[in-house]
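What follows is the residue order along each chain.
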Amino acid sequence: MPTVTESLFWTIIILLVVYFGYIVWIGKRGGRHSKSMAGFATARGKVSPVLVGASFATTYSSANLFIGVPGLAYEYGTSVLWYTLGCFGVSWIGLLLFAKTFWRYNKKFGGVSTLPEWLGRRYNSKALQVIVAVLILFNVYYIVGQNVGLATIFESVLNIPYYWGIIIGVGITILYIGLGGAYAQMITDGFQGFLMAITSILVFVSLFWTIGGGWNVFGELTNKLGAIDPNLTGYLSVGGPYDSILAVMAVQFLLFSFVLMPHLLNKVLSLESEEQLAPFTLSAGIVLFFISTLMVLGGLAARVIFPSLSSSDAAIPAYVIESFPPILAAIIIVGIITAILSSTDSLYLGITSGIGNDFYKVLAPIISKKPIAADVLDRNSVRVAKVSLIFVGLLTLYISLDRPESLSILIQFSFSAIISGILAPVTLGYFWKKANGAGAIAAVVTGTVLYVIFTSQDIIGNIYLAMFFASISAFVVMIVTCLLTQDATTSQQESITISKKSS
């Protein structure tokens, strides 16, 4: 790991202080938009669709694409490109297919604040809403992955002890999300998206002077990786997560489904009109292209320059410090830190919005002995969400203190567990008139439980294949359950369809 000069250290510190001051100011400014549950969770109509699209892309990327996946590329080589190329191509196609119908359902429901509420309305099931809110708690492990990525940057670049890096990251994020809710999250993430795109472009351009070869830079990179280990240039990895054609197909299935993650799909709920979908998806696609496809090249180049790093997750910090003059290195390091924060804030917002909107708001009227007025219930749900932010932050801080072996694998485990449960209810809810609440609940439980069993018991060692088979099982169980319970549910639930007339 190269040594950080004093000038680089203080440049990064100054930029971080300015940046942290900016996002706290945005948090305070967003306070007026987060007094209701809908405002806190979505800030509907308050943010430009272009910024919402950039926010989607930055939330998507996180520490996984800026630290974890380049770390896997450092370890396993070019086979990891299957993941990064799918992040843009396959995931953006998924967004284009899902966003419009999801928004139209939201409009038909009169506006919802979270994915669990969307599912609860679609299937006329409060039980399903609460169960999906419980499932989203898996995102705690996703946040832990972000915390670890941030602490790794602080530790490897600034020599700040790992646990202090965790505390700084958790403290700053909780502060501005607690103040400004979704408004603060999307405004800051939109700004971060453009900074992250610039960071990725700089890393790509740097290959011309770190690897060399002129226009044949990729051929030169391949030759140098092959000289270290021929396995690093294969289209499949040896011993890694991309070790078979089936595993690669499962990765693409995961990336297509990833846009259904609650903290991502909630961005669609922020749009006021259907006309905003076009600039939203275009902005999301452009920013996602740059930040998902270019950063991994730094991980491959780092293997050439530093073939024996003690931690593969340190590949990008090491490469940046070695390859750029101090001012550019400082900007890139801050860009990486913002990439991590851009997902962490959305995850905190998603979990705490679920606690306030899908736990408290649903269960309080049932438990209370006295009727609760709608406006009082809504204000209380916001308070519950903001208070829970502190407790969730402390929980993630505690879990983060025990550093995991692989940041990327931890993150992908957490979101795979959620996708395994929600993919069937969301997809069939769009396209199948016979989909009902009983089938949706059965699918959520089946998909998630099977995924956890497959991975924890090492029945299916590859996390992508485990998610694929768990998700397929959930589809089968939901279809069978819906067909068996049609007579019992037809009279209770009207099947909701979206026609061209409703657009």
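None of the values given here were measured: they were computed from a predicted structure.

Caption draft 1: A look at the environment of Ile479. Turning to its location among the elements, Ile479 is positioned in helix α19 (residues 463-484). A residue is classified by how much of its surface remains accessible, and Ile479, at 32% relative accessible area, is partly exposed. Considered as a pair, Ile479 and Ala424 are 55 residues apart in the sequence and their alpha carbons are 9.1 Å apart. If near-sequence neighbours (up to four positions away) are discounted, Ile479 is found in contact with Leu428 and Trp432.

Caption draft 2: Structural detail: the side chain of Thr446. Assignment of secondary structure puts Thr446 in helix α18 (residues 437-456). From its side chain, Thr446 meets the backbone oxygen of Ala442 in a polar contact 2.7 Å long. Contact partners of Thr446, with chain neighbours within four places excluded, come to Ser473, Ala474 and Val477.

Caption draft 3: Structural context of a nonpolar patch on the surface. A surface patch of nonpolar side chains, amounting to about 630 Å² of accessible area, comprises Trp82, Tyr235, Ile245, Leu246, Met249 and Phe469. With three residues, helix α10 (residues 245-258) is the single largest residue contributor to the nonpolar patch. For Tyr235, the location among the structural elements is in the loop between α9 (217-228) and α10.

Caption draft 4: Examining α9 more closely. With 12 residues, α9 ought to run about 16 Å at 1.5 Å a step, and its terminal C-alpha atoms sit 17 Å apart, in line with that. Those residues of α9 that fall on the buried side of the exposure criterion are Val217, Leu221 and Leu225. Looking down the long axis of α9, one finds its buried residues gathered within 70° of arc, a one-sided arrangement. Away from its buried face by more than 90 degrees, α9 exposes Asn223 and Ala227.

Caption draft 5: A look at the environment of Val392. Relative to the helices and strands, Val392 is located in helix α16 (residues 374-400). By relative accessible area, which is 8% here, Val392 ends up buried. Placed 152 residues apart in sequence, Val392 and Gly240 show a C-alpha to C-alpha distance of 32 Å. Contact partners of Val392, with chain neighbours within four places excluded, come to Tyr348, Ile351, Thr352 and Ile355.

Caption draft 6: The arrangement of the pattern of salt bridges in detail. Scanning all chains against the criterion turns up five salt bridges. Measuring nitrogen to oxygen at the nearest pair gives 2.9 Å for the salt bridge that ties Glu274 to Arg104. With Glu274 in the loop between α11 (262-265) and α12 (277-293) and Arg104 in helix α4 (residues 81-108), this residue pair connects regions lying 170 residues apart in the sequence. Given the relative accessible area of 17%, Glu274 is considered buried.

Caption draft 7: Just the packing of helix α7 (residues 139-158) against α16, in detail. Remark: α7 packs on α16, axes separated minimally by 9 Å, with the N-to-C direction vectors making an angle of 60°. For the element pair α7 / α16, the angle class is oblique. In terms of crossing hand, the pair formed by α7 and α16 is right-handed. Contact with α7, carried on its side by Val140, Ile143, Val144, Asn147 and Val148, involves Leu395, Thr396, Leu397, Ile399 and Ser400 of α16 and no other residues of that element. When the residues that make up the contact of α7 with α16 are grouped by side-chain class, the tally is seven nonpolar, three polar and no charged.

About the thresholds
- Residues numbered from 1 in each chain as written.
- Predicted model: local features only at pLDDT ≥ 70, side-chain atom pairs only at ≥ 80, totals over all residues.
- Heavy atoms only, no water.
- Helix = DSSP H or I, 4+ residues; strand = E, 2+ residues; numbered from the N terminus.
- Buried < 20%, exposed > 50% of the residue type's maximum accessible area, 1.4 Å probe, protein only.
- Contact = heavy atoms within 4.5 Å.
- Polar contact = N/O pair within 3.5 Å; in protein donor to acceptor, adjacent residues only side chain to side chain.
- Patch = residues over 30% accessible without salt bridge, like charges linked within 9 Å, V, L, I, M, F, W, Y side chains within 5 Å.
- Areas by Shrake-Rupley, 256 points an atom, 1.4 Å probe, with all protein chains shown as cover.
- Salt bridge = Lys/Arg side-chain N within 4 Å of Asp/Glu carboxyl O.
- Expected span 1.5 Å × (residues − 1).
- Arc of directions from axis to C-beta.
- Axes fitted to C-alpha atoms, helices over the stretch in contact; angles between N-to-C directions.
- Parallel < 35°, antiparallel > 145°, perpendicular 65-115°, else oblique.
- Left-handed = near helix turned anticlockwise from the far one by under 90°.
- Nonpolar A, V, L, I, M, F, W, Y, C, P; charged D, E, K, R; others polar.

It is worth stressing that arrangement in space is one thing and function is another; only the former is reported here.
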